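# Fold and geometry: a report
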Amino acid sequence: MKKIALITSGGDSPGMNACIRAVVKTCLHYSIVPFGIYDGFQGMIDRKGYEMEYTDVDNIIHRGGTILGTARCKEFMELEGRLKAIDYLKSENIDGLVVIGGDGSFTGAYHLGQEMNIPIIGIPGTIDNDIYGTDHTIGYDTALNTVTEAVDKIRDTAASHHRIFFIEVMGRDAGFIALNSAISSGAENVLIPEKHMDIEKLVRDIKAQNKGRRGSIIMVAEGDEWGGALELMEKVKPFLPDYDLRCSVLGHIQRGGSPSALDRIIATRMGSFAIELLKEGKTNLMIGTEGEHLVTCSIEQGIKENSIPDLKKIKLLAKLRTK
Ligand code: ATP
């Protein structure tokens, strides 16, 4: 291993920079050249890489986003696009590749690995936490904290004005953020893509919770079956004419910001471990956490298996609801 390329791909997530820093520093520790490529797979096609130095990763551990940039690249989804990327990696004499991203990025990495004989290690970087083979993805903890802080603020208004707030959080296909932020922010109800919610039951719950109470919070994942918080609110409105209903979509604030300590630690450990694995001759693996430990599974397994949140937590919320 003389030269290892590195990309961040898909949606950015807090902690990606901490991971880049660990990859670069561990490479340099072993006198391997770290080769950063801008804008994910798009940058491979556009030939936008450079040899990184210690100074490139100074003072980035605390910064959100990714200094390498990221992109969603349609061209890479076709063989023709991937052949351009392969040509670039070959022309730069790349011996190994580290891909930091979500399941889409891992799918791209898997195809690349099939078509080019190059060792690849995947590191799960996405706020959604929806990747099989890991307890935590890089960025998830920070996003959860951002949502919790935002809901705390909205709760002040909900309580003061006796309002019922439907709060939409990210999660097109997965309810990790909605479910766990519902617990951490003391929400009364949650709607996630993995579980059907009966509208009549939701209306009954809201009425029960708000007898003499001062407002409540319903967390809604953007990919829930009713189409998000606004659509859900419009759906229940006719059944709750005496209640003051409001909607808040948290949007992109959930992606940015300085990474939490947990995300920095996970990102740093995973980034360094990726280089150790490549040095040992390992390939086509993704790194995950299992409790305190770092573990691996094949990238193929990571993209084929589903990861779903612990649905018992919905029962926990029900137990804590006012009857
Ligand atoms: P996030 O979870 O934050 O959305 P992601 O990695 O899942 O991150 P995607 O946009 O789904 O984000 O994927 C990132 C990139 O991976 C795509 O833009 C594309 O270049 C590549 N990719 C995704 N799916 C495939 C595929 N089936 N074949 C080849 N490349 C793919």
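Residues numbered from 1 in each chain as written. Predicted model: local features only at pLDDT ≥ 70, side-chain atom pairs only at ≥ 80, totals over all residues. Heavy atoms only, no water.

## A closer look at the domain arrangement of the chain
- In terms of domain boundaries, the chain breaks down into domain 1 (3–139 + 259–304) and domain 2 (142–255).
- Computed from C-alpha coordinates alone, the two centres of domain 1 and domain 2 are separated by 34 Å.
- Taken together, the contact between domain 1 and domain 2 spans 13 residues of the former and 10 residues of the latter.
- Both sides of the domain 1 and domain 2 interface together cover about 930 Å² of buried area, and 49% of this is carbon and sulfur.
- Taken as a group, D12, I127 and D128 account for 47% of the area that domain 1 buries against domain 2, more than any other trio of residues on that side.
- Remark: the boundary between domain 1 and domain 2 carries 0 salt bridges.
- Along the contact surface separating domain 1 from domain 2 lie 5 residue pairs in polar contact (both at pLDDT 80 or more).
- For the side of domain 1 that touches domain 2, the class distribution of residues is 3 nonpolar, 5 polar and 5 charged. (Domains from an automatic or database assignment. Contact = heavy atoms within 4.5 Å. Buried area = accessible area lost by both parts, 1.4 Å probe. Salt bridge = Lys/Arg side-chain N within 4 Å of Asp/Glu carboxyl O. Polar contact = N/O pair within 3.5 Å; in protein donor to acceptor, adjacent residues only side chain to side chain. Nonpolar A, V, L, I, M, F, W, Y, C, P; charged D, E, K, R; others polar.)

## Overview of the sheet that holds strand β5 (residues 120–124)
- An order of β3-β2-β1-β4-β5-β10-β11 is seen for the 7 strands of this open sheet, with the pairing classed as mixed. Because the sheet does not close on itself, it has two edges, and the strands there are β3 (49–51) and β11 (293–298). Going across the sheet, the axis of each strand differs from the next one's by a mean of 25°, ignoring polarity.
- Note: β5 against strand β10 (residues 285–290), 2 bridges, orientation parallel. When the bridges of β10 are listed, G122 appears paired with M286.
- Each of β1 (3–8), β4 (96–101), β5, β10 and β11 is contacted by helix α9 (residues 261–279), which is oriented at about 170° to β5, the strand it contacts most. (Pairing = 2+ DSSP bridges. Helix = DSSP H or I, 4+ residues; strand = E, 2+ residues; numbered from the N terminus. Axes fitted to C-alpha atoms, helices over the stretch in contact; angles between N-to-C directions.)

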